[in-house]
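If you want the building blocks of each chain, they are given just below.
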Amino acid sequence: MDFSLSDHQKLIRDTVRQFMEAEVQPTVKQRDREERFPAEEIKKLAELGCCGMLVPEEWGGPGLDTLSYALMLEEVAAVDTGMATSLGVTNSAVQVPLMKFGTDEQKKKYLRRLATGEILGSFCLTEPAAGSDAAGIQSRAVAVSRVGSSLGTRTEQAPTLAPGAGAWGGAALASPSGDAYRLNGTKIWVSNGQVAELFLVFAKTDPDAGGKGITAFLVEPTFPGFKIGRHEEKMGQRSSPAVEVLLNDCEVPRENRLGEEGQGLKIALSALDGGRIGIAAVAVGLAQGALNHSIRYAKQRRAFGKAIGEFQAIQWMLADMQTEIEAARGLVYYAAWLKDTHPGKLGAASSKAKLYASEMVNRVVAKAVQIHGSSGYSRETDVERMYRDARVITIYEGTSEIQRMIIAREVLK
Ligand SMILES: Cc1cc2nc3c(=O)[nH]c(=O)nc-3n(C[C@H](O)[C@H](O)[C@H](O)COP(=O)(O)OP(=O)(O)OC[C@H]3O[C@@H](n4cnc5c(N)ncnc54)[C@H](O)[C@@H]3O)c2cc1C
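Everything numeric in this text was worked out from a predicted model, so none of it was measured.

Further remarks concern the pattern of salt bridges. In total, this model carries 25 salt bridges according to the counting rule given. Residues Arg31 and Asp80 are paired through a salt bridge, measuring 2.7 Å at the closest nitrogen-oxygen approach. Within this pair, whereas Arg31 is found in helix α2 (residues 28-34), its partner Asp80 is found in the loop between α4 (66-79) and α5 (81-101), the two being separated by 49 residues in sequence. Of the two residues, Arg31 and Asp80, neither departs from the other in class, the shared state being buried.

Printed below as a string of structure tokens:
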């Protein structure tokens, strides 16, 4: 196992780092205050290939490995963690399932545009009554038949009769399960929701089958019955918008079902499993950013006639921060390496990386604020924002408790 970076990986890391420092750092505080999405900045990162890093060239992406993807997210998160979350959702939570489970038609229609950053994707699993318990979602999808009329297209609940045997004509009865689905439900905490043009939505086609009755759909915001609801007022990562999505008889063409009926939970969990490596990389990047600010401050701030970095108490905090970051980075790179080279052996490695890195970053940002003293509590400093940005990382893409469950299951197997 050799984690030394290839020249190309170093180039990715250095190019993204330079871009983030030059073009994003100057506006990050203001965007945090205004909860403003970095649309222009993401477009520029898209030109560097960062919006579809894992997508093969034939579908418009650079076809890079998971480690390169982790390096990109680290560098973005070191400056603007919300932006890294937005990139993680479109790259991993949306494009990876589309690559794995999508038809060629679906890939032609959506994957290329996602991979080039022309459009961004959102992932809609969480609901008001179901977060960790994904099998408990209540959104419903019912197969319906579209019936053409001179006034446009209306939908009817699909008949249960055999094809061709019903009363309302060939077109409506051609497909026993209907040629569209009607979705109803509410999704919350939808990252990128305000700007996305493709939503991967999970809803139950067979509520009696529990987790096995969930189906995934590719939903465009222009589909009838789709509406963006409340905007979440967030503690941190405020440049990454999260919204409510309201599905009110939202009509989704049958060809926009991703995978088979009942495969939805498998699709969601496989997206989250890979996505956890990305979130762990985000944690490492944010922690590194907080450490970099702390080192600079420790050298420059003086107390009792010395730079505070000369006090052993401060040195020990810096030493612990550095060590924990390196430990987490090792777990992230190991999980990325396993995913690319031995996917069958990934096991709980992405959960371990996510668990450790997300808890580590919260310890690191707390120390960063401590080193900065009262400045660390001021909105004028980056570490104040970083402290807020870190908090959600033990919660989204599976809480720490859920990661521990996954790891314990493997340990006790
Ligand atoms: C900023 C942000 C962005 C997000 N982006 C998205 C997104 O883009 N798409 C999306 O679908 N979702 C998104 N989410 C939702 C996120 O994935 C959920 O918040 C997360 O899965 C936890 O669900 P919950 O909030 O409902 O908590 P709950 O599931 O209600 O959990 C509450 C507490 O109970 C614990 N708990 C639950 N079950 C168990 C158990 N079996 N054993 C032990 N403890 C347990 C949890 O760990 C937690 O501590 C986002 C959330 C945030 C905050």
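As a further point, take the site of the ligand. Neighbouring the ligand are 15 residues, the closest being Thr126, Ser132, Trp189, Thr399 and Glu401. Contacts to the ligand include Ser191, whose side-chain N or O atom sits 2.9 Å from a nitrogen atom. When the free accessible area of the ligand is taken as 980 Å², the share hidden by the protein chains comes to 63%. When atoms are counted within 2 Å of each cavity's grid points, the one that captures over half of the ligand is the largest pocket. Those elements that provide at least two residues to the shell around the ligand are β4 (180-191) and α12 (400-411). Inspection of the shell around the ligand shows a minimum of three residues originating in each of domain 2 (122-262) and domain 3 (267-412).

Quick look at helix α11 (residues 382-391) now. Most of α11 is tucked away: eight of the ten residues are buried. Within α11, burial applies to Asp382, Val383, Glu384, Arg385, Met386, Arg388, Asp389 and Ala390. Its buried side turned inward, α11 meets α2, α4, α5, α8 (264-300) and α10 (349-372).

Let's shift gears to the layout of surface pockets. Of the voids in this model, the largest pocket is the one considered here, and its volume is about 1,200 Å³. Leu272, Ile395, Tyr396, Glu397 and Gly398 are, among the 43 residues lining the largest pocket, the residues nearest its centre. For the lining of the largest pocket, the elements supplying multiple residues, two or more each, are α5, β4, α8, α11 and α12. Ranked by residue count, the leading element in the lining of the largest pocket is α8, at six residues. Across the lining of the largest pocket, the residue classes tally to 21 nonpolar, eleven polar and eleven charged.

Bringing the side chain of Thr399 into the picture now. Structurally, Thr399 can be placed in the loop between α11 and α12. Beyond its immediate stretch of four places on either side in the chain, Thr399 contacts Ser132 and Thr394.

Moving on to the packing of α8 against α11. At a minimum axis separation of 10 Å, α8 and α11 run at an interaxial angle of 155 degrees. Classified by the interaxial angle, the pair formed by α8 and α11 is roughly antiparallel. Both α8 and α11 take part in a crossing whose hand is left-handed. Contacts between α8 and α11 pair Leu286, Gly289, Ala290 and His293 from the former with Asp382, Val383, Met386, Asp389 and Ala390 from the latter. Its residues assigned to classes, the contact of α8 with α11 shows five nonpolar, two polar and two charged.

Bringing the domain arrangement of the chain into the picture now. Split into domains, the chain comes out as domain 1 (7-120), domain 2 (122-262) and domain 3 (267-412). Across the contact, eleven residues belong to domain 2 and twelve residues belong to domain 3. Here domain 2 meets domain 3 over a buried area of about 880 Å², counting both sides, of which 71% is carbon and sulfur. Between the two partners, domain 2 and domain 3, sit zero salt bridges. For the pair domain 2 and domain 3, the number of links is three residue pairs in polar contact (both at pLDDT 80 or more). Its residues assigned to classes, the side of domain 2 that touches domain 3 shows six nonpolar, four polar and one charged.

Most of strand β5 (residues 198-204) sits inside the fold, with seven of its seven residues counted as buried. In this sheet, β5 lies alongside strand β1 (residues 121-124) in parallel orientation, the contact comprising four bridges. Bridge pairing in β5 places Phe123 opposite Leu200. By the bridge criterion, six bridges tie β5 to strand β6 (residues 214-219) in an arrangement that is antiparallel.

Now for the nonpolar core. Met20, Leu45, Met72, Val76, Val332 and Val361 are the most contacted members of the largest nonpolar core, which totals 70 residues. Contributions of two or more residues to this core are made by α1 (7-24), α3 (39-47), α4, α5, α8, α9 (312-341), α10 and α11. Looking at which element gives the most residues to this core, the answer is α8, with 13 residues. Among the domains, domain 1 (7-120) and domain 3 (267-412) are the pair contributing at least three residues each to this core. If we skip the residues at most four places from it in the chain, Val76 touches Val16, Met20, Leu45, Thr81, Met83, Ala84 and Leu87. In this structure, Tyr110, Leu114, Ala130 and Leu198 belong to the second largest nonpolar core, which totals 48 residues.

This part takes up the confidence of the model for the chain. Any region with low pLDDT has predicted coordinates that should not be read closely. Scored by pLDDT, the chain has a mean of 92; 92% of the residues are at 70 or more. The low-confidence segment residues 149-154 (pLDDT under 50) makes six contacts with residues lying over four places distant or belonging to another chain. When the criterion is pLDDT under 50, residues 158-176 qualifies, and its contacts beyond four places in sequence or with other chains add up to 26 contacts.

About the thresholds
Residues numbered from 1 in each chain as written. Predicted model: local features only at pLDDT ≥ 70, side-chain atom pairs only at ≥ 80, totals over all residues. Heavy atoms only, no water. Salt bridge = Lys/Arg side-chain N within 4 Å of Asp/Glu carboxyl O. Helix = DSSP H or I, 4+ residues; strand = E, 2+ residues; numbered from the N terminus. Buried < 20%, exposed > 50% of the residue type's maximum accessible area, 1.4 Å probe, protein only. Near = heavy atom within 4 Å. Polar contact = N/O pair within 3.5 Å; in protein donor to acceptor, adjacent residues only side chain to side chain. Areas by Shrake-Rupley, 256 points an atom, 1.4 Å probe, with all protein chains shown as cover. 1 Å grid on protein atoms, 1.4 Å probe; cavity = no way out; pocket = protein on both sides within 12 Å on 5 of 7 lines; lining within 4 Å. Sits in = over half its atoms within 2 Å of the grid points. Domains from an automatic or database assignment. Contact = heavy atoms within 4.5 Å. Points joined across faces, edges and corners; volume = space filled by probe spheres on them. Nonpolar A, V, L, I, M, F, W, Y, C, P; charged D, E, K, R; others polar. Axes fitted to C-alpha atoms, helices over the stretch in contact; angles between N-to-C directions. Parallel < 35°, antiparallel > 145°, perpendicular 65-115°, else oblique. Left-handed = near helix turned anticlockwise from the far one by under 90°. Buried area = accessible area lost by both parts, 1.4 Å probe. Pairing = 2+ DSSP bridges. Core = buried A, V, L, I, M, F, W, Y, C linked by side-chain atoms within 4.5 Å. pLDDT = per-residue confidence, 0-100.

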